[in-house]
Amino acid sequence: MTSTHCGKEAELARPIIIDTDPGIDDAVALLLAFASPEFDIKGVTVVSGNVALEHTVRNTLQVCELADRRDVPVYPGCTRPMLRDPVYGLFSGQGGLGKTELPPPTMTVRETHAVDYLVAALTDAARAGEPVTLCTLGPLTNVALALAHTPRIRDGIESIVMMAGAFRELGNRSISAEFNILVDPHAAHIVFEAGIPIVMLPLDVTHQAMATPARIDAIRAVGNPVTDVVADILTFWDRKDSKRFGGRGGPLHDPLVLDYLLAPEHYGSDEARVWVEHSSELLMGHTVADFWGKTGEKPNAKVVLKVDADAFFELLGRRLAKYARG
Ligand code: RIB
Ligand code: CA
């Protein structure tokens, strides 16, 4: 599929940069973004997260080529969190895309490091008065370091829409923290304290979007090479943990970030002041929210807590169906 942004569509398209650590759910998020002309994808920055950076970069390039989007510039980012030792994901498999082997990528990453790209692109966006929406799907290391490098890039960010954190769902990679925050809590702290508008999609909402066997079958029934891969990797993603999730399937975290931008009517949210715990070993990466104004502190995030999962999967299926048949 080739993207042609022409005329009106190009003018109206929302400029976005996606920061990602593919990762099975990241791959589905990228494929949703690539199939959505509402987005003017300025670039994709890659971070170490679900798997090491060499794999997250390779997976990103392979997904770009699967989507026939060799036009999207991909920038390699940080190989590790700012301070803590790396912690990797448990559910995307050794290489990060389950058991699925995509053809070795022929496109290459850009020479520019992701942090340098973010500084340059967001500085230009601020200067042009055309702020970019930052969609973060992994640990916030690249974004935090870009803010530490040049704080005024915040003027080039319309908002950060992030899959991150947990409240009533407590945690996943630890009993008290969600993975993207746990991997680099110091980076997350910098981002949450930067005064940038944040839309946060925590486990509380992503656990409502379960890629059940029935939903995977509906995706596979579309019958193009992209939906074949998506159905395969989501089958691998199945937690098979009905006690935890109330049924079969895996929570489809990252694509909700893009769906939120495409169809905000699918979601319900509350404003809150959110903090990130970055010193207690027991609660490292825990996200704490004041939804009720008890602390007197101004909210720093819109926290998304509800999703119409059927509507999301319906939109996802329609968008994936736009890819060419083999
Ligand atoms: O906790 C879920 C998040 O961690 C998702 O972004 C998943 O891809 C992993 O990065
Ligand atoms: Ca991710």
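Cut-offs applied
Starting afresh in each chain, residues are numbered from 1 along the sequence in its written order. The order in which chains are written sets their letters, starting at A; the order in which ligands are written sets their numbers, starting at 1. This being a predicted model, a pLDDT of at least 70 is required before a residue's local features are given, and a value of 80 or more before pairs of side-chain atoms are given or counted; all residues contribute to the totals for chains, interfaces and linings. Hydrogen atoms and water are omitted, and side-chain values are computed over all heavy atoms in the structure. Working definition: helices are DSSP H or I runs of at least four residues, strands are E runs of at least two. Numbering for both runs from the N terminus. With a 1.4 Å probe rolled over the protein chains alone, any residue whose accessible area is under 20% of its type maximum counts as buried; one over 50% counts as exposed, and the rest are partly exposed. We call two residues contacting when some pair of their heavy atoms lies within 4.5 Å. Residues belong to a common nonpolar core when they are buried Ala, Val, Leu, Ile, Met, Phe, Trp, Tyr or Cys residues joined through side-chain atoms within 4.5 Å. Being near a molecule or strand, for a residue, comes down to having at least one heavy atom within 4 Å of it. We define a polar contact as two N or O atoms separated by no more than 3.5 Å, with the added condition that, inside protein, one atom must be a possible hydrogen donor and the other a possible acceptor, whereas residues neighbouring each other in sequence contribute only through side-chain atom pairs. Methods summary: accessible areas were calculated by the Shrake-Rupley approach with a probe of 1.4 Å, and residue burial reflects only the protein chains presented. Here the term cavity refers to a set of points on a 1 Å grid, laid over the protein atoms alone, in which a 1.4 Å probe fits but cannot get out; the term pocket refers to an open set having protein on both sides within 12 Å along at least five of seven lines, with lining residues being those that place an atom within 4 Å of a point. Each molecule is checked against the cavity or pocket grid, and it sits inside if more than half of its atoms lie within 2 Å of the grid points. Counted as donors are the N, O and S atoms within 2.8 Å of the metal, or 3.2 Å for Na, K and Ca, while water is not among the atoms, so some sites may look incomplete. Take the number of residues in a helix, subtract one, and multiply by 1.5 Å to get its expected span.

Novice: What should I look at first to understand the environment of Ala114 in this one?
Specialist: Take Ala114: it is sitting in helix α4 (residues 114–128). Given a relative accessible area of 0%, Ala114 falls into the buried group. As a C-alpha pair, Ala114 and Val230 span 116 residues in sequence and 26 Å in three-dimensional space. Apart from residues no more than four positions distant in its own chain, Ala114 is found in contact with Thr45, Val46, Tyr75, Pro76, Gly77 and Asn142.

Novice: Help me out: how do you make sense of the nonpolar core in this one?
Specialist: It is characteristic of soluble globular proteins that their nonpolar side chains tend to be buried jointly. Formed by 64 residues in total, the largest nonpolar core has its most connected members in Phe34, Leu201, Leu234, Leu258, Tyr267, Phe312 and Leu316. Here this core gets nine residues from one element, more than from any other, and that element is helix α2 (residues 24–34). Contacts of Leu316, omitting those with residues within four sequence positions, involve Val28, Leu32, Ile219 and Leu252. Within the second largest apolar cluster, 39 residues are counted, among which are Ile17, Leu122, Met162 and Ala187.

Novice: I tried to follow the site of ligand 1 on my own but got confused; where do I start?
Specialist: In the vicinity of ligand 1, the residues found are Asp21, Asp25, Asp26, Asn50, Leu137, Met163, Asn172, Glu178, Phe179, Asn180, His253 and Asp254. One of the side-chain N or O atoms of Glu178 is found 2.5 Å from an oxygen atom in ligand 1. Coverage of ligand 1 by the protein amounts to 97% of the 270 Å² it exposes when considered alone. In this structure, ligand 1 is accommodated by the largest pocket.

Novice: Would you take a moment to explain the coordination of the calcium ion (ligand 2) for this structure?
Specialist: Ideal geometry at a metal centre gives angles of 109.5 degrees when four donors are arranged tetrahedrally and 90 or 180 degrees when six donors are arranged octahedrally. Here the calcium ion (ligand 2) is held by Asp21 (OD), Asp26 (OD), Asp26 (OD), Leu137 (O) and Asp254 (OD), and the distances to it run 2.2 to 2.6 Å. As a motif over one chain, the donors of the calcium ion (ligand 2) read D-x4-D-x110-L-x116-D. One end of the pair, Leu137, is in the loop between β4 (132–136) and α5 (141–149); the other, Asp254, is in the loop between β8 (250–251) and α12 (255–262), with 117 residues separating them in the sequence. A relative accessible area of 1% places Asp254 in the buried class.

Novice: Which parts of the structure should I look at to understand helix α10 (residues 225–236)?
Specialist: Since there are 3.6 residues in each turn of an α-helix, residues three or four apart along the chain are aligned in direction. Over its twelve residues, α10 extends 17 Å from the first C-alpha to the last, a length consistent with the 16 Å expected when each residue adds 1.5 Å. Three or more residues of α10 are buried, namely Val226, Thr227, Val229, Val230, Ala231, Ile233 and Leu234. On the buried face of α10, the contacting elements are α2, α3 (53–66), β7 (210–211), α9 (213–220) and α13 (309–320). If you check the start of α10, you find a side-chain oxygen 2.9 Å away from the backbone N of Val226, and it comes from Asn224.

Novice: What exactly am I supposed to notice about unusual backbone geometry here?
Specialist: Most peptide bonds take the trans configuration, and most residues that are not glycine carry a negative phi. The phi dihedral of Leu170 is positive, around 60°, even though this residue is not glycine. Within the secondary structure, Leu170 sits in the loop between β5 (157–163) and α6 (179–183). On the basis of relative accessibility, which here comes to 47%, the residue Leu170 falls in the partly exposed class. Of note in the backbone geometry, Lys240 takes a positive phi value of approximately 50° without being a glycine. With respect to the secondary-structure elements, Lys240 resides in the loop between α10 and α11 (242–245).

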